[in-house]
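Listed here are the chains, written in short residue letters.
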Amino acid sequence: MFTKAIVRIPCKNLVNGLTASNLGKPDYESAIIQHQKYVQTLKDCGLDVIILDADEHYPDSTFVEDTALLIPKCAIITNPGAPSRKDEIIKMKKVLIGLFGNLEEIKDPGTLEAGDVMMVGTHYYIGLSERTNSRGANQLIAILNQFGMTGSTVSFKEGLHLKSGVSYLENNNLLVTGKFIDKPEFRKFNLITVDQDESYAANSIWINGNVLVPQGFPKTRKKIESAGYKIIEVDVSEFRKLDGGLSCLSLRF
Ligand code: GLY
C-alpha cells in the first residue's frame, strides 16, 4: 500500500519540454487543471500528497518520477540521461533528505531515469533505454542488493521508458503492449494486453487497489476492469504531448 506521493506543479516552460511525439505543444492552462485533478485523484486513493512548486528552469520537471526511486528503507536519486533534465535532481535531493534519512545516488557514467524502473514486490525490472544505461542499471542493482532486494535489466527499443509500455498492477497482473508482450522476462505474469491503437494506456498505475487509467482508452479500461480492479480515469492529454504518462507525474511511496 502507498501512503504518500510527491508531485511538482507544471511550470509555464512545460511547453518546451522534450518530446518525440507529433501531438503539438501542451496547453499550459489545461495542463494545470489536469494536474490539479491528478493530485485530487491521488488524495482520493488515500495518499498524502506533497506538492512542490513549479520550477521554470526545467521544462520537464513536473515528471518527478524520473528523478528518484523510493524503496522502503532508502531514497535513490537518479542520474537522468537527458542532459536538460540532469539538474532536476538537485531540488529533489533536498526534499528527500527531509523525508528519508538514507540517500543513495546513481552516478556518471551511469544514467538512470526511474520511468525505466518497474517494481514487482522486492524485484525491480530496469529498462535499458536511451535514458538509462547498463552502468546506471548495475549501480541500482548493487544498491537494491544492499537492502535485500533484487533487480534485472530489460532491453527495448519501443517508447521512451520501460513503463511507457508495461505496468505492474499487483496480483501477478502485468499490463503490457507491443513488443513487450513477447518478452521472456514477463512470461510468468498474467498479461493484460493493450492494443497498439491504445498503447499509451499501457502506462496505468495501481494505487491501493485502484487503477488509474488515462482517459480515452475504452478497450484497455474494459480489460483492466474485467480483471477485477476499480478504475479511475484521469485526463492527462497535455502531458501525453510530452511523452509523459500517469506514472511520470508522481513519486508514490
Ligand atoms: N518529456 C518527458 C521526457 O522526455 O523526459
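Residues numbered from 1 in each chain as written. Predicted model: local features only at pLDDT ≥ 70, side-chain atom pairs only at ≥ 80, totals over all residues. Heavy atoms only, no water.

Moving on, we get to the pattern of salt bridges. As enumerated under the stated definition, the model contains 13 salt bridges in all. A salt bridge links Glu65 to Lys163, with the nearest nitrogen and oxygen atoms 2.8 Å apart. Pair noted here: Glu65 is in the loop between strand 2 (48-52) and strand 3 (68-71) and Lys163 is in the loop between strand 8 (150-155) and strand 9 (166-168), with a separation of 98 residues, a long-range link. Lys163 gets classed as buried once you look at its relative accessible area, which sits at 13%. (Salt bridge = Lys/Arg side-chain N within 4 Å of Asp/Glu carboxyl O. Helix = DSSP H or I, 4+ residues; strand = E, 2+ residues; numbered from the N terminus. Buried < 20%, exposed > 50% of the residue type's maximum accessible area, 1.4 Å probe, protein only.)

Turning next to the nonpolar core. Ranked by internal contacts, the top residues of the largest apolar core, which has 37 residues, are Tyr38, Leu42, Leu169, Ile207, Val211, Leu212 and Ile224. Mapped onto this core, the elements with two or more residues apiece are strand 1 (4-8), helix 1 (28-44), strand 11 (190-194), strand 12 (205-207), strand 13 (210-214) and strand 14 (230-234). It is helix 1 that contributes the most residues to this core, four residues altogether. Once residues lying within four places of it in the same chain are set aside, the contact partners of Leu42 are Ala5, Val7, Leu47, Val49, Ile207, Leu212 and Ser250. Counting residues in hydrophobic clusters, the runner-up holds 16 residues, among them Ala114, Tyr124, Ala137 and Ile143. (Core = buried A, V, L, I, M, F, W, Y, C linked by side-chain atoms within 4.5 Å. Contact = heavy atoms within 4.5 Å.)

As a further point, take the side chain of Glu113. Relative to the elements of secondary structure, Glu113 occurs in the loop between strand 5 (103-105) and strand 6 (117-120). Separated by 3.0 Å, the side chain of Glu113 and the backbone nitrogen of Gly81 make a polar contact. Engagement of the side chain of Glu113 in a polar contact is seen with the backbone nitrogen of Ala82, the distance being 3.2 Å. Once residues lying within four places of it in the same chain are set aside, the contact partners of Glu113 are Asp66, Pro80, Gly81, Ala82, Arg85, Arg131, Thr132 and His161. (Polar contact = N/O pair within 3.5 Å; in protein donor to acceptor, adjacent residues only side chain to side chain.)

Near the ligand the following residues occur: Leu18, Asp60, Phe63, Arg85, Arg131, Leu160 and Leu242. One of the side-chain nitrogen or oxygen atoms of Asp60 is found 2.7 Å away from a nitrogen atom of the ligand. Within the side chain of Arg131, one N or O atom sits 2.8 Å away from an oxygen atom of the ligand. Considering the ligand on its own, with 200 Å² of exposed area, one finds that the protein chains cover 98% of that surface. Grouping the constituent residues of the shell around the ligand by class yields four nonpolar, no polar and three charged. (Near = heavy atom within 4 Å. Areas by Shrake-Rupley, 256 points an atom, 1.4 Å probe, with all protein chains shown as cover. Nonpolar A, V, L, I, M, F, W, Y, C, P; charged D, E, K, R; others polar.)

All right, on to helix 1 then. Counted at 1.5 Å a residue, the expected span for helix 1 with its 17 residues is 24 Å, and the 24 Å between its end C-alpha atoms agrees. Those residues of helix 1 that sit buried are Ala31, Ile32, Gln34, His35, Tyr38, Val39, Thr41 and Leu42. Remark: Gly46 follows helix 1 within two positions and exhibits a positive phi of approximately 95°. (Expected span 1.5 Å × (residues − 1).)

Let us look at the packing of aromatic side chains. Counted under the stated rule, the structure contains nine aromatic pairs. When the centroid spacing of 5.3 Å and the interplanar angle of 50° are considered together, the rings of Phe156 and Phe180 count as tilted. One end of the pair, Phe156, is in the loop between strand 8 and strand 9; the other, Phe180, is in the loop between strand 10 (173-177) and strand 11, with 24 residues separating them in the sequence. Taking relative accessible area as the criterion, Phe156 reaches 11% and is therefore assigned buried. Ring geometry for Tyr200 versus Phe217: centroids 5.7 Å apart, planes at 45°, classification tilted. Taken together, the residues Tyr200 in the loop between strand 11 and strand 12 and Phe217 in the loop between strand 13 and helix 4 (218-226) connect sequence positions 17 residues apart. Classification of Tyr200 by relative accessible area gives buried; the value is 14%. The rings of Tyr125, Tyr168, Phe186 and Phe189 are connected pair by pair, giving a single aromatic cluster. One cation-aromatic arrangement involves Arg240 over Tyr200; the distance from NZ or CZ to the ring centre is 4.8 Å. (Phe/Tyr/Trp six-rings, centres within 6.5 Å; stacked < 30°, edge-to-face > 60°. Lys NZ or Arg CZ within 6 Å of the ring centre and 35° of its normal.)

This part covers the environment of Leu18. Mapping Leu18 onto the fold places it in the loop between strand 1 and helix 1. By relative accessible area, which is 31% here, Leu18 ends up partly exposed. Linking Leu18 and Asp60, residues 42 residues apart in sequence, is a C-alpha distance of 7.0 Å.

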